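Each chain is listed here by its residues.
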Amino acid sequence: MRQKQSITQLMSKSEFYSSGLCYDRVLALRLRLRHLQPRRVSVMAASFPLPVTQDLFALRAKLQELLQFLRKALSISNAHTVDFYTESVWEQLVDLPPETVLGVLKKSVAEAEAGPLEARLLAEAEKQSGITNFPKIFCETSQKLVSVEAFTLAVRYYSVQNLGICTPFEQLRTALQGNKKQRTGENVKPDEFMNLKKSHEVQAMSELISSIADYYGIKQVIDLGSGKGYLSSFLSLKYDLKVYGIDSSNTNTHGAEERNRKLKKHWKVYHTRSKLDANGLALKMTKDRKVQDEIKYKVDIEGICNSSPANQEKMSTSDFLPDFSNSVISNIRTQMENLHVYSHKEENLCFENAFSLIDLLPTNAIEPALFQTPKTKMSETNKERRKHISKSSELNIYSPVTSVITADSQLHDIIKDLEDCLMVGLHTCGDLAANTLRIFTAKSEIRGVCSVGCCYHLLSEEFENPHKESTQEKWGFPMCQYLKEERWCCGRNARMSACLALERVAVGQGLPTESLFYRAVLQDIIKECYGITKCDRHVGKIYSKSSSFPDYVRKSLKKLGLDESKLPEKVIMDYYEKYKPRMNELEAFNMLKVVLAPCIEALILLDRLCYLKEQEDIAWVALVKLFDPVKSPRCYAIIALKKQQ
């Protein structure tokens, strides 16, 4: 198409003279042509079919098997580390030496880091119909753990990766984008604006959200629990999406507004720098062309000077300048006329750092008088142009909003121009992740959802306190019908352990064993010396501020409002020496909780997948491993798309 030709192809010597165009209009043409690039369009027609995911029947079968295992294993996750010594947790739950447990678990963690469960072991587990025929893991009578080898095989078998409920991210991306390359906007590195963990999360999730938006032809995104606004800002600045970031904290909203304002400044600097880098190469090519044209020009002049006077008189301008067809010149004029029919917004699109058309034309094609625009006039023209650019760039396509979101929130009351949109959430805390899915299913305008939950320990559980009266109708867990019928309850400690990061432990980012040991011994001191078995107050992060165990104990007692002067240092050290030889029990037990954590997370994610599969108007549901779990342990995104209207 001629509209996509470069200005150097359209504007040569005789073409320029023949066109009769002024400099400003030519520059405007150049800028307009540069902006004639494809904008965001729906790629649904060119997309591949979405990957096939497991149906509700298959997911429920996985859920049933997982529950069989967790009914035995959940007691380990629900044991609190603080009470480890006061309640003799090791003796109650494990019938193995701690050295044996540690040896097997460390080997298992290393194997897990190497990749998914070996095909042989997975096939064997499948053949034996799940946990019911695994080698004996727990004692039938005491319910104690008796086989750590079988335990590690089971927890790996029932982890998210090995359950077969994940859709590969690359496969999904290919389906969403089809044969088209993802429109990535500016080549901006998010780690220039945020820390490495957050930039990793924002970059991966924003690309996925943009692909889904393109797939459905959607322009609006609602970011629930937007916090500091990193994802919202990135989606609006890089992908030109109109984003509403909703957060319950007014402080976060104001902070997000200020952060977005600063981010825009950094973005413009980066944007400018990138163009300057690109233009540097073009300028070099232009200079090389100038040199070549000057040489050619000198040769032409010498040829004229060396020719006879009679021949010089016969030469016309058309002999001196190359001849071009009238169709090319007509095309230029047509495009110049077309500029007037474009909208005001598009008409003023330009690059502040774009080099001028003069630099693109050969030096001997420029007639000095034609381009001698007074500096003051040109300055005013540029000022006016930049004013329009500034107004255009200030269009607020990211709007932070303060609002508490529940499952019954009315979005029309929060967002006045609500239209077909996507609802997203990056590490939505506790019940907000569940409410994100509920709002998605309830509101027809929300065509898709992409949710990464976190803070499982803050989920409300419907069956955690069955004898306690509550007016709450919608709970964070469980969501699906099957688990509601089972009246399943994980318990807060189990949900807390689901937040542990197995992958980080596998790469050497071990558990803070000594600080956990200090806290467990302190609990025994509080129980025996002060007669307190339960304490609602928390010690907090005193370990990092303490120089020794006695110092830790005294600071902790003071924070808890207990008289630390009644305890001589010798008494404190006696407790330390008493339990020091048993520290490996605590280390081994916490490793059991770590390797069991992915199974509890799998239960929570399966619950949400089944809930979405139970809804009639949802066409497609998937679980995708979106982040590197070492960088971001809560790495799974739940994605769902509604049927086309």
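Scroll up for the structure.
The following paragraphs examine the structure supplied in this document. It should be emphasised that the depicted structure is a prediction, and the values quoted were computed from it without experimental measurement.

**Overview of the overall build of the protein chain**
Line of reasoning, step 1. When helices and strands are counted, the protein chain shows 29 helices and 7 strands.
Line of reasoning, step 2. Evaluated residue by residue, the protein chain yields a buried proportion of 48% over its 645 residues.
Line of reasoning, step 3. Intrachain contacts of the protein chain at a sequence separation of at least 6 include 80% that bridge at least 24 residues.

**Some points on the side chain of Asp 83**
Line of reasoning, step 1. Along the chain, the position of Asp 83 falls in the loop between helix H4 (56-78) and helix H5 (89-93).
Line of reasoning, step 2. It turns out Asp 83 is buried and unbridged, and the closest side chain with the opposite charge, Lys 534, is 4.2 Å from it.
Line of reasoning, step 3. If we skip the residues at most four places from it in the chain, Asp 83 touches Ser 88, Val 89, Gln 523 and Lys 534.

**Quick word on the packing of aromatic side chains**
The geometry of an aromatic ring pair comes down to the distance between the two centres and the angle between the two planes.
Line of reasoning, step 1. Taken as a whole and judged by the stated rule, the model has 16 aromatic pairs.
Line of reasoning, step 2. Each ring, one from Phe 549 and one from Tyr 576, has its centre 5.3 Å from the other, and the planes form 40°; the classification is tilted. Linking Phe 549 in helix H27 (residues 549-559) with Tyr 576 in helix H28 (residues 569-579), this pair joins segments that are 27 residues apart in sequence. Side by side, Phe 549 and Tyr 576 carry an identical accessibility label, which is buried.
Line of reasoning, step 3. An aromatic cluster is built from Phe 84, Tyr 85, Phe 517, Tyr 518, Tyr 543, Phe 549, Tyr 552, Tyr 576, Tyr 579 and Phe 589, whose rings are joined through pairwise contacts.
Line of reasoning, step 4. The ring of Tyr 530 carries Lys 566 above its face, with NZ or CZ at 4.8 Å from the centroid.
Line of reasoning, step 5. Its guanidinium or amino end placed over the ring of Phe 440, Lys 642 lies 4.9 Å from that ring's centre, counting from NZ or CZ.

**Comments concerning the layout of surface pockets**
The gaps of empty space that remain are located by a probe, the size of a water molecule, rolled over the atoms.
Line of reasoning, step 1. Space inside the second largest pocket adds up to approximately 1,400 Å³.
Line of reasoning, step 2. As for the second largest pocket, its lining consists of 31 residues, of which His 80, Val 82, Met 496, Leu 516 and Arg 519 are closest to the centre.
Line of reasoning, step 3. Counting residues per element, the ones that place at least two in the lining of the second largest pocket are helix H24 (492-497), helix H26 (513-530) and helix H29 (583-613).

**Some details on empty space enclosed by the protein**
Line of reasoning, step 1. Enumeration over the complete set of coordinates arrives at 2 cavities of 30 Å³ or more.
Line of reasoning, step 2. Here the second largest cavity defines a volume of roughly 40 Å³.
Line of reasoning, step 3. As for the second largest cavity, its lining consists of Ala 433, Leu 437, Ser 451, Val 452, Gly 453, Leu 605, Arg 608 and Ile 638.
Line of reasoning, step 4. Only helix H22 (431-442), strand S5 (446-454) and H29 provide two or more residues apiece to the lining of the second largest cavity.
Line of reasoning, step 5. Element by element, the count of residues in the lining of the second largest cavity is highest for S5, at 3 residues.

**Here we look at the pattern of salt bridges**
Line of reasoning, step 1. Counted under the stated rule, the structure contains 18 salt bridges.
Line of reasoning, step 2. The salt bridge involving Asp 417 is made with Lys 242; its shortest N-O contact spans 2.5 Å. Of the two residues, Asp 417 sits in the loop between helix H21 (411-414) and strand S4 (421-429) while Lys 242 sits in strand S2 (residues 242-247), which places them 175 residues apart along the sequence.
Line of reasoning, step 3. Judged by relative accessible area, which is 29%, Asp 417 ranks as partly exposed.
Line of reasoning, step 4. For the salt bridge of Arg 554 with Glu 564, the shortest nitrogen-to-oxygen distance reads 3.0 Å. Of the two residues, Arg 554 is situated in helix H27 and Glu 564 in the loop between H27 and H28; the sequence distance between them amounts to 10 residues.
Line of reasoning, step 5. Beyond isolated ion pairs, a larger network of salt bridges with shared partners links Glu 91, Arg 582 and Glu 585.

**Things to note about H26**
Residue pairs three or four apart in sequence face the same way in an α-helix, which turns once every 3.6 residues.
Line of reasoning, step 1. Here H26 spans 25 Å end to end across 18 residues, near enough to the 26 Å set by a 1.5 Å rise per residue.
Line of reasoning, step 2. For H26, the tally of buried residues reaches 13 of 18 residues, placing the bulk of the element in the interior.
Line of reasoning, step 3. At the C-terminal side of H26, Gly 531 shows a positive phi close to 70°.

**What about the nonpolar core?**
Line of reasoning, step 1. If you look at the biggest cluster of nonpolar residues, it comprises 151 residues, and the most contacted ones within it are Phe 69, Leu 70, Phe 151, Met 205, Phe 589, Leu 592 and Leu 603.
Line of reasoning, step 2. Ranked by residue count, the leading element in this core is H29, at 20 residues.
Line of reasoning, step 3. Discounting chain neighbours no more than four positions away, the residues touching Leu 592 are Ile 76, Val 94, Val 101, Leu 105, Leu 145, Val 148 and Phe 151.

**Observations concerning the environment of Gln 64**
Line of reasoning, step 1. As for its placement among the helices and strands, Gln 64 is situated in helix H4.
Line of reasoning, step 2. Of the residues examined, Gln 64 reaches a relative accessible area of 38% and is grouped as partly exposed.

**Overview of the pairing of S4**
Line of reasoning, step 1. Of all the 9 residues making up S4, 8 are buried; the element is thus mostly covered by neighbouring parts of the structure.
Line of reasoning, step 2. Direction of pairing for S4 relative to S5: parallel, over a ladder of 8 bridges. Along S5, the bridge assignment pairs Cys 421 with Ile 446.
Line of reasoning, step 3. Read as a crossover between parallel neighbours, the route from S4 over H22 to S5 is right-handed.

**Comments concerning helix H12 (residues 230-239)**
Line of reasoning, step 1. Taken across its 10 residues, H12 has 9 buried, putting it largely inside the fold.
Line of reasoning, step 2. Downstream of H12 by a residue or two, Asp 240 has a phi angle that is positive, lying close to 60°.

**Details of the environment of Leu 641**
Line of reasoning, step 1. Relative to the helices and strands, Leu 641 is located in strand S7 (residues 636-642).
Line of reasoning, step 2. Its relative accessible area of 2% is what places Leu 641 among the buried residues.
Line of reasoning, step 3. Sequence-wise, Leu 641 and Gly 448 are 193 residues apart; in three dimensions their C-alpha atoms are separated by 4.4 Å.

**Focus: the packing of helix H8 (residues 148-157) against H29**
Line of reasoning, step 1. One can describe the packing of H8 onto H29 by two numbers: an axis separation of 9 Å at closest approach and a directional angle of 30°. In terms of axis orientation, H8 runs roughly parallel to H29. For the pair H8 and H29, contact is made by Val 148, Phe 151 and Val 155 and by Leu 592, Val 595, Leu 596 and Cys 599, respectively.
Line of reasoning, step 2. Here the contact of H8 with H29 is composed, by residue class, of 7 nonpolar, no polar and no charged.

Rules of the game
- Residues numbered from 1 in each chain as written.
- Predicted model: local features only at pLDDT ≥ 70, side-chain atom pairs only at ≥ 80, totals over all residues.
- Heavy atoms only, no water.
- Helix = DSSP H or I, 4+ residues; strand = E, 2+ residues; numbered from the N terminus.
- Buried < 20%, exposed > 50% of the residue type's maximum accessible area, 1.4 Å probe, protein only.
- Contact = heavy atoms within 4.5 Å.
- Lys, Arg positive; Asp, Glu negative; His and termini not counted.
- Salt bridge = Lys/Arg side-chain N within 4 Å of Asp/Glu carboxyl O.
- Phe/Tyr/Trp six-rings, centres within 6.5 Å; stacked < 30°, edge-to-face > 60°.
- Lys NZ or Arg CZ within 6 Å of the ring centre and 35° of its normal.
- 1 Å grid on protein atoms, 1.4 Å probe; cavity = no way out; pocket = protein on both sides within 12 Å on 5 of 7 lines; lining within 4 Å.
- Points joined across faces, edges and corners; volume = space filled by probe spheres on them.
- Expected span 1.5 Å × (residues − 1).
- Core = buried A, V, L, I, M, F, W, Y, C linked by side-chain atoms within 4.5 Å.
- Pairing = 2+ DSSP bridges.
- Right-handed = clockwise from strand over helix to strand, strands pointing away.
- Axes fitted to C-alpha atoms, helices over the stretch in contact; angles between N-to-C directions.
- Parallel < 35°, antiparallel > 145°, perpendicular 65-115°, else oblique.
- Nonpolar A, V, L, I, M, F, W, Y, C, P; charged D, E, K, R; others polar.

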